[in-house]
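Listed below are the residues making up each chain.
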Amino acid sequence: MKSILSIDGGGIRGIIPLACLVRLESRLGKSSHEIFDMVAGTSTGAIIAGGIALGIGARGLLALYKDMARKAFTRLPLWKVILNGGNHRYSNTFISEILNDLGADQELNGLPLDLLITAKNTGTSRTNFFVRDAPGNACLWGTMSLKDAILASIAAPTYLPAHSAEVKGVPHTWVDGGVGVAGNPSYHTAVEAIHYSSGRYPIGETRMLSFGTGRSPHSIQAESANIFQWGSWVLSELLEDASDWQQYVTRTEYDMTGRIDLRRYQLDLAPDVMKNLGVSVPDDVDVTNIGLDAIWAVDLLESIGHAFADRIDFDHPDGFELKSTAST
């Protein structure tokens, strides 16, 4: 049985799937790079997928990720944000340095695992899927460095600067792969594995574990909302609806047809779900409002991740999702 890992975008909330991978590795007695044949991710998921491809275990990745998040999400001085016109409020320099230290400057073609990382090309308005060159695909991105692929995928507009690089003599600029429909890369990963891998992932003999990073209910007072509140609400809904839709299509086209055994792991970041998990949330914390850059929530997210992971039966064919039952 071939195994694929797919991890959604979600900023700091990538701590949740990492905690789940810690438990999976403990259960199987193997590191993730030994468990999976292909790893895929968007944005924060790209960091995790890249780390696994470099041979880093989930426990080490979790520790590294928490430290990196705290330092990477240190806001630029106000004058720098004003100077860049609000283009980005954080620098990617620290992340870039960490990637260099980890050896991520190597080409995708040199990695020991199949990999898929997504990013939105600002020149073509298309989503690019960074994979190793292989006989079954178009051989577009294999000479790209893992570092460039990750920096492209995490470049969330207004958070981090767009990333530019030259691949095979062609210059490109990208932003976060979650801009569009690839925030959840499971469908594109299934397509790559089944249709463009020259049979390395046999139909009916391939399993995909797809991890979300926590889903937040977004309520809005429609009668009184201003333009900024509407803008924020619409953006949040578009991103999360796209993720849910990708999962539905993947399940319909690949799981229900027997081509891939899809197992989805996701939870709602809602008070009743926290109570269900036994996670203590301070009275002054709104668990539904943990943003991409919420470094204040690092320890809370780790508690949520471990509590959620403890509930997962990785042998169950349906995966595991915890949804809020509260009315909104």
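Residues numbered from 1 in each chain as written. Predicted model: local features only at pLDDT ≥ 70, side-chain atom pairs only at ≥ 80, totals over all residues. Heavy atoms only, no water.

On the secondary structure map, Val 191 appears in helix α8 (residues 186-195). A relative accessible area of 19% means that Val 191 is categorised as buried. Each C-alpha atom, one on Val 191 and one on Thr 250, is 9.0 Å from the other, the two residues being 59 residues apart in sequence. Apart from residues lying up to four places away in sequence, Val 191 is in contact with Tyr 196 and Tyr 254. (Helix = DSSP H or I, 4+ residues; strand = E, 2+ residues; numbered from the N terminus. Buried < 20%, exposed > 50% of the residue type's maximum accessible area, 1.4 Å probe, protein only. Contact = heavy atoms within 4.5 Å.)

Moving on, we come to α8. With respect to burial, α8 is a largely interior element, eight of its ten residues being buried. When we look at burial in α8, the residues that qualify are Ser 186, His 188, Thr 189, Ala 190, Val 191, Glu 192, Ala 193 and Ile 194.

A few words on the layout of surface pockets. Quantified by volume, the second largest pocket comes out at close to 290 Å³. Looking at the lining of the second largest pocket, the elements that each hand over two or more residues are β4 (127-130) and α8. Residues belonging to the lining of the second largest pocket are distributed by class as follows: nine nonpolar, three polar and two charged. (1 Å grid on protein atoms, 1.4 Å probe; cavity = no way out; pocket = protein on both sides within 12 Å on 5 of 7 lines; lining within 4 Å. Points joined across faces, edges and corners; volume = space filled by probe spheres on them. Nonpolar A, V, L, I, M, F, W, Y, C, P; charged D, E, K, R; others polar.)

The next thing to look at is the nonpolar core. Core analysis: the biggest nonpolar cluster contains 78 residues, and Leu 21 and Phe 130 have the highest contact counts within it. Not counting residues up to four positions away in its chain, the partners in contact with Leu 21 are Leu 5, Ile 7, Ser 32, Phe 36, Ile 48, Ile 52, Ala 58 and Phe 211. (Core = buried A, V, L, I, M, F, W, Y, C linked by side-chain atoms within 4.5 Å.)

To continue, consider the environment of Arg 215. With respect to the secondary-structure elements, Arg 215 resides in the loop between β7 (206-211) and α9 (227-255). For Arg 215, a relative accessible area of 13% gives the class buried. For Arg 215, the residues in contact, after removing those within four places along its chain, are Glu 240, Asp 244, Gln 266, Leu 267, Asp 268, Leu 269, Glu 321 and Lys 323.

Applying the stated criterion across every chain yields a total of two cavities of 30 Å³ or more. Taken as a whole, the largest cavity spans an internal volume of roughly 90 Å³. Taken together, Ile 47, Gly 50, Gly 51, Leu 54, Leu 61, Leu 64, Tyr 65, Met 68, Ile 98, Leu 99, Leu 102 and Ile 150 form the lining of the largest cavity. Contributing elements (two or more residues each) for the lining of the largest cavity: α3 (44-53), α4 (58-72) and α6 (93-102). Among the elements that take part in the lining of the largest cavity, α4 stands out by supplying four residues, more than any other. For the lining of the largest cavity, a count of residues per class yields ten nonpolar, two polar and no charged. Of the voids in this model, the second largest cavity is the one considered here, and its volume is about 80 Å³. Along its surface, the second largest cavity is lined by Met 38, Asp 114, Leu 115, Val 131, Arg 132, Ala 134, Asn 137, Glu 192, Tyr 196, Ser 197 and Arg 200. Of the residues contributing to the lining of the second largest cavity, the split by class is five nonpolar, two polar and four charged.

In contact at an axis separation of 11 Å, α4 and helix α11 (residues 298-311) are set at 150 degrees when each is read in the N-to-C sense. Classified by the angle between their axes, α4 and α11 sit roughly antiparallel to one another. Crossing of α4 against α11: the hand is right-handed. Touching Leu 62, Lys 66 and Arg 70 of α4 are Val 298, Asp 299, Glu 302 and His 306, all from α11. Within the contact of α4 with α11, the residues separate by chemical class into two nonpolar, one polar and four charged. (Axes fitted to C-alpha atoms, helices over the stretch in contact; angles between N-to-C directions. Parallel < 35°, antiparallel > 145°, perpendicular 65-115°, else oblique. Left-handed = near helix turned anticlockwise from the far one by under 90°.)

Attention shifts here to the pattern of salt bridges. For the coordinates displayed, the defined rule picks out 16 salt bridges. One salt bridge connects Arg 264 with Asp 8, and the closest N-O pair in it is separated by 2.8 Å. Of the two residues, Arg 264 is situated in strand β8 (residues 261-267) and Asp 8 in the loop between β1 (2-7) and α1 (15-28); the sequence distance between them amounts to 256 residues. For the residue pair Arg 264 and Asp 8, the accessibility class agrees, reading buried in each case. Of the charged contacts in the structure, one is a salt bridge between Arg 75 and Asp 293, with a shortest N-O distance of 3.8 Å. On the criterion of sequence distance, the pair formed by Arg 75 in the loop between α4 and α5 (78-83) and Asp 293 in the loop between α10 (271-277) and α11 is long-range, its members being 218 residues apart. (Salt bridge = Lys/Arg side-chain N within 4 Å of Asp/Glu carboxyl O.)

Shape descriptors only; they carry no functional weight alone.
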